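So the chains spell out like this:
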Amino acid sequence: MRLAALPLLFAPLLAQAASLSVCTEASPEGFDVVQYNSLTTTNASADVLMNRLVEFDAQRGELVPGLAQQWEVSPDGLSYLFTLRPGVRFHATEYFKPSRELDAEDVLFSFQRMLDTAHPWHKVAQSGFPHAQSMQLPQLIKAIDKVGPLQVRFTLNKPDATFLATLSMGFASIYSAEYAGQLMQAGTPEKLNAQPIGTGPFVFKRFQKDAAVRYVANPDYFAGKPKVDGLIFAITPDANVRLQKLRRGECQIALSPKPLDVQAASQDASLKVLQTPAFMTAFVGINSQHPPLDQARVRQAINLAFDKQSYLKAVFEGSASAASGPYPPNTWSYAKDLPGYPHDPEKARALLAEAGFKDGFKTTIWTRPSGSLLNPNPSLGAQLLQADLAKVGIQAEIRVIEWGELIRRAKAGEHDLLFMGWAGDNGDPDNFLTPQFSCASVQSGLNFARYCDAALDKLISDGKTQGSQADRGALYIKAQQIIQEQALWLPLAHPTAFALARSGVDGYQANPFGRQDFSHVSVKP
């Protein structure tokens, strides 16, 4: 099949606003997005600095051309030929001046460093390549070949219904091979993570950890220069302070507001509330490799002990629906007949006794210090879980860990119970299953349940090879049954994605996947 390029809409050259300031909740882990898996890092790197071969249009719910203006898929589903958009320029900065435009060599570099263990850049990523490993790209992709200066062919070992959608994820961003070569020659490859170069709408200027990330508009952006001259991520962990800054005009957009802040903003004529149902699930990951959490009955008891409705009311304040499994209800393979775990402390105590823990046991609850869309009030949520577990004899110590360290240590499997959340990137249900429940993802660290089961792994793998959505859905429903029976998560909530903005902000839309697009945003003085 063949997808023709869509026409680009170039923004008119109007008077430019000085800058757009966005209050965000945490510092990115870095800017070499392939090394990381948090949405915070994707927002600060892939979303503003980079582009991918294909993009996912959340409003239209479909894949659209990105750096590839068209692609062809062979009848057997094993070959993907991408034709790149001509005339795309990489960022020119104080530390890099590109001598050429984007071409096939950049695509080869961007993927081969993740896939080829012998590639000189493979070992540079200290955190590895969690998404590429979890999505099993080294096993899926047989070869990547340069067909011409602007053409690249991916050859797969087997058909994969998720392949194109996977290429729209942040980690699949395209990097400059020329810039990477200069850094390697200079002996400073680590600068790729500290001084990023992309093709995106904004150009990186500087980063001050826990304070701000500064960008300027890319005058050469192939889709047209952004409507603001500058972009600032004002890192503000406290949601109350984000709202205060918004009211004072220090920020024009505030992300991850608390439910009460949403209510307050809706009554303020100078502010507006932007929202959309989020394709996300908040959960507590239960580390199945840590005894006694390695017993299904113990994990089931934890689910039964928790009063989820009280949690939703206290933490989300009516802005989220209860989760019973990994998928949001609007997922096309959602297993609507799975009952979930009711609040039943008596049954929880009985299961613990059957498992040999009549008197309970000790464990830990890990959470972050600052609120986010998927965890608006980390302290309160952890305290509620702690209190409910204590009622069935489980003594849980709360550990509050800074976000970057929390992610790093959780990927290493150090946690017991972990407050976490997952956002699908493109609406495909596999975007939850493979990263969170496959065996390969235990190795990469994204599988926070640390659970590897041959039957579950086969259902996930087989689901990618099916041609029809109905056949894939049938396998994914069986996978959800195993996930629930094994109680790998304590599912919490499906939130509403909110953002707050000044009334003069135009062109910004809340994204169900948590991705950020500021290229079309304008700000009235």
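Bear in mind the structure is a predicted one, so any value in this text is a computation, not a measurement.

(A) Examining the overall build of the protein chain more closely. Of regular secondary structure, the protein chain possesses 19 helices and 21 strands. Over its C-alpha trace the protein chain gives a radius of gyration of 23 Å, about what one expects of a compact globule, namely 24 Å for 525 residues. If one aligns the C-alpha atoms of the protein chain with their principal axes, the spans along those axes are about 70 × 55 × 45 Å. A buried classification covers 59% of the 525 residues belonging to the protein chain. The long-range fraction of contacts in the protein chain, counting pairs at least 24 apart against all pairs at least 6 apart in sequence, stands at 73%. Here the protein chain displays about 20,700 Å² of accessible surface, and carbon together with sulfur accounts for 50% of that area. Mean positive and mean negative side-chain charge positions of the protein chain (49 and 50 charges, respectively) differ by 3 Å.

(B) Fine view of helix α13 (residues 345–354). Those residues of α13 that sit buried are A348, L351 and L352. Each buried residue of α13 sits inside an arc of 100° when the element is viewed along its axis, so together they form one side. Seen from the buried face of α13, the exposed residues on the opposite side, beyond 90 degrees, are E346 and E354. Check the buried side of α13 and you find it contacts α11 (296–305), β16 (361–367) and β17 (394–400). Following α13 by one or two positions, G356 adopts a phi angle in the positive range, close to 95°.

(C) Examining the pairing of strand β18 (residues 417–423) more closely. β18 sits mainly inside the fold: seven of its seven residues count as buried. Burial of β18 is two-sided: the residues L417, F419, G421 and A423 facing one way and the residues L418, M420 and W422 facing the other way are all buried. Inspection of the sheet shows strand β14 (residues 280–286) paired to β18 by seven bridges, in the antiparallel sense. Its bridge partner lying in β18, G285 is registered against L418. Here β16 runs beside β18; their pairing, made up of two bridges, is parallel. Bridging across to β18, W366 finds its partner in L418.

(D) Here's a closer look at the packing of aromatic side chains. Counting across every chain of the model gives 25 aromatic pairs. Between the aromatic rings of F111 and F154, the centroid separation amounts to 5.1 Å while the plane-to-plane angle is 85°, which identifies the pairing as edge-to-face. With F111 in helix α3 (residues 104–115) and F154 in strand β8 (residues 151–156), this residue pair connects regions lying 43 residues apart in the sequence. For F111, a relative accessible area of 1% puts it in the buried group. F154 sits in the buried class, given a relative accessible area of 0%.

Each value, and the rule that gives it
- Within each chain, residues carry numbers counting from 1 in the order of the written sequence.
- The model is predicted, so local features are restricted to residues of pLDDT at least 70 and side-chain atom pairs to those at 80 or more, both for listing and for counting; the totals for chains, interfaces and linings are taken over all residues.
- Here the side-chain values reflect all heavy atoms present in the structure, with hydrogen atoms and water set aside.
- Helix numbers and strand numbers start at the N terminus; a helix is a DSSP run of H or I with at least 4 residues, a strand a run of E with at least 2.
- Radius of gyration: C-alpha atoms only; globule rule: 2.2 Å multiplied by the number of residues to the exponent 0.38.
- A simple rule labels every residue: compare its accessible area, found with a 1.4 Å probe on the protein chains alone, to the largest value its type can have, and call it buried under 20%, exposed over 50%, or partly exposed in between.
- The contact rule is simple, with two residues in contact once any of their heavy atoms fall within 4.5 Å.
- Computed with the Shrake-Rupley method and a 1.4 Å probe, the accessible areas treat only the protein chains shown as cover for residues.
- Positive charge is attributed to Lys and Arg, negative charge to Asp and Glu, and no charge count is given to His or to the chain ends.
- Note on charges: their place is set at NZ of Lys, CZ of Arg, CG of Asp or CD of Glu.
- Summarising the geometry, the arc corresponds to the directions from the helix axis toward the C-beta atoms.
- One requirement defines pairing of two strands: DSSP has to find at least two bridges between them.
- In this scheme Phe, Tyr and Trp rings, the latter by its six-membered ring, pair at centre separations within 6.5 Å, and the angle between planes marks the pair as stacked below 30 degrees, edge-to-face above 60, and tilted otherwise.

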